[in-house]
There are 2 protein chains.
Amino acid sequence: MNAASPITFYFDFSSPYSYIASEWIEALAARHGRTVQWHAMLLGATFQVTEIRSPVAYPLKREYSMRDFERSARFAGVPLKMPAKFPIATQNAARIFWWLNDTAGAARAVAWARHGLRALFARGVDLSDIGELRELCAEFGLEASAAEAAWNDPQRKARLKAVNDAAIAAGVFGAPFFVIDGEPFWGNDRRPQIERWLEKGPF
Amino acid sequence: MNAASPITFYFDFSSPYSYIASEWIEALAARHGRTVQWHAMLLGATFQVTEIRSPVAYPLKREYSMRDFERSARFAGVPLKMPAKFPIATQNAARIFWWLNDTAGAARAVAWARHGLRALFARGVDLSDIGELRELCAEFGLEASAAEAAWNDPQRKARLKAVNDAAIAAGVFGAPFFVIDGEPFWGNDRRPQIERWLEKGPF
């Protein structure tokens, strides 16, 4: 086990807690000499396998979660305003992530992830809307038609499906989900444990 | 809103995260001039209403949770060893809580809560086993037959049911669950947010 091995970070574009975590994981990792490997995935795929549902799918838990998303963001110092439409389908945004990763490199894909998450959760851009997603791509410096061709490309679809399958095989059932030195951490609220792990090692 | 209003703390005897929280909530509250009102409840009752299931009822999430229970306990400095039989039925332990609360006072009920939670999660005592529960009652200084009569008493059963119904009406869907100045916090992992709330007020 290499003490400086990268942190694997699974996120879903539609997950508010993933968005919050995306805003602190890089700086935290860097403080401890680690890099982060970002994995865009679809929670819907893991939910099918595990029979888990979104926290907002349950009475009582929904009301609490909607409140907790924004409170947890304020606690982390991250701007978040829950979009009117939630949750939304984010497979196209995720396919763009892997398209960029495979053709322009991981750094460009991560930049897109940040851009997309912030667009949805800080500015209310609907990533499930083709028109809004095309506009966002253009704003990010992509050719909108090329991006749309990519998210409709069967190869790109298969790529995301393979990522989802691999995530499930690795034990991932929710997001954000981190794997550090083989140890799994689920949730934005595992941040204190992750900090201790990075600082002092296994506990 | 009174700045020194008590913290309401809902717990289930069968919940490892409730056990961990039970070990820090009193000291944390006291540091901020607050008292804690403990409420023994049955998660099973809230699960019926909300269709939520235990985290250990799902593939993948079960394996993660079993690992996270013990890791989260180590992180909090609380001794925890997951019992062989888990989860277990804890309505009798909860009825003893309310019986003591109503006949001997809240402090005695809280002492029982600590005793029962520690017995289950640090020593592996099976609270769902009548013989083991009677022994635990005797160890705690109760007359075992009186305790057994209490948990079989229709009035005590109705008392616990009323507590569960009131918890659900208050929006409680999981445990541990805290209400502070009207603000709901769910989970042992909301400790940092609770600390900030007590220290600096609403955020």
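Note that the coordinates shown come from a computational prediction; the quantities given were computed from them, not determined experimentally.

A few words now on the overall build of chain A. Check the secondary structure of chain A and you find ten helices and four strands. When the helices and strands of chain A are read in sequence order from the N terminus, they spell out β-α-α-β-α-α-α-α-α-α-α-β-β-α. Relative to the globule expectation of 17 Å for 203 residues, the C-alpha radius of gyration of chain A, 16 Å, shows essentially globular dimensions. Summarising its shape, the C-alpha atoms of chain A cover approximately 50 × 40 × 35 Å along the three principal directions.

All names here are of chain A. Mapping Ala 45 onto the fold places it in helix 3 (residues 43–50). Spatially, the C-alpha atoms of Ala 45 and Thr 103 are 24 Å apart, while their sequence positions differ by 58 residues. Residues within four places of Ala 45 in sequence aside, it is in contact with Asn 164 and Ile 168.

With that settled, consider the relation of the copies chain A and chain B. For the pair chain A and chain B, the best superposition has an RMSD of 0.0 Å and corresponds to a rotation of 180° with a translation of 0.0 Å parallel to the axis. Here the symmetry operator amounts to a two-fold rotation axis. Rotation axis and chain A: the residue whose C-alpha lies nearest the axis is Asp 189 of chain A, separated from it by 3.1 Å.

Bringing the nonpolar core into the picture now. Ranked by internal contacts, the top residues of the largest apolar core, which has 59 residues, are Phe 13, Ile 96, Phe 97, Trp 112 and Phe 178 of chain B. Among the elements that take part in this core, helix 6 (residues 106–123) of chain B stands out by supplying eight residues, more than any other. If sequence neighbours within four positions are ignored, Ile 96 of chain B has contacts with Trp 112, Leu 133, Cys 137, Leu 142, Ala 147 and Trp 151 of chain B. One finds Phe 69, Leu 80, Leu 117 and Leu 120 of chain A within the second-largest nonpolar core, a separate group that totals 58 residues.

Tallying the contact residues gives 33 residues for chain A and 33 residues for chain B. Taken together, the two surfaces of chain A and chain B that pack against each other cover about 3,300 Å², and 56% of this comes from carbon and sulfur. Among the ionic pairs, Arg 71 of chain A bridges to Glu 183 of chain B, the shortest N-O distance being 2.8 Å. Only helix 3, helix 4 (61–76), strand 4 (183–186) and helix 10 (191–200) of chain A provide two or more residues apiece to the side of chain A that touches chain B. No other element matches the eight residues that helix 4 of chain A contributes to the side of chain A that touches chain B. Across the side of chain A that touches chain B, the residue classes break down as 17 nonpolar, five polar and eleven charged.

On to unusual backbone geometry. Pro 87 of chain A follows Phe 86 of chain A through a cis peptide bond whose omega is -10°. Turning to its location among the elements, Pro 87 of chain A is positioned in the loop between helix 4 and helix 5 (91–103). Residue Pro 176 of chain B follows Ala 175 of chain B across a cis peptide bond; omega there is -5°. With respect to the helices, strands and loops of the structure, Pro 176 of chain B is situated in the loop between helix 9 (154–169) and strand 3 (177–180). One non-glycine residue with positive phi stands out, namely Asp 181 of chain A, at about 55°. Of note, Asp 181 of chain A is situated in the loop between strand 3 (177–180) and strand 4. The residue Leu 60 of chain B is not glycine, and still its phi comes out positive at about 70°. With respect to the helices and strands, Leu 60 of chain B occurs in the loop between helix 3 (43–50) and helix 4 (61–76).

The rules behind these values
Residues numbered from 1 in each chain as written. Chains lettered and ligands numbered in written order. Predicted model: local features only at pLDDT ≥ 70, side-chain atom pairs only at ≥ 80, totals over all residues. Heavy atoms only, no water. Helix = DSSP H or I, 4+ residues; strand = E, 2+ residues; numbered from the N terminus. Rg over C-alpha atoms; globule rule 2.2 N^0.38 Å. Contact = heavy atoms within 4.5 Å. Least-squares fit on C-alpha atoms with pLDDT ≥ 70 in both. Core = buried A, V, L, I, M, F, W, Y, C linked by side-chain atoms within 4.5 Å. Buried < 20%, exposed > 50% of the residue type's maximum accessible area, 1.4 Å probe, protein only. Buried area = accessible area lost by both parts, 1.4 Å probe. Salt bridge = Lys/Arg side-chain N within 4 Å of Asp/Glu carboxyl O. Nonpolar A, V, L, I, M, F, W, Y, C, P; charged D, E, K, R; others polar.

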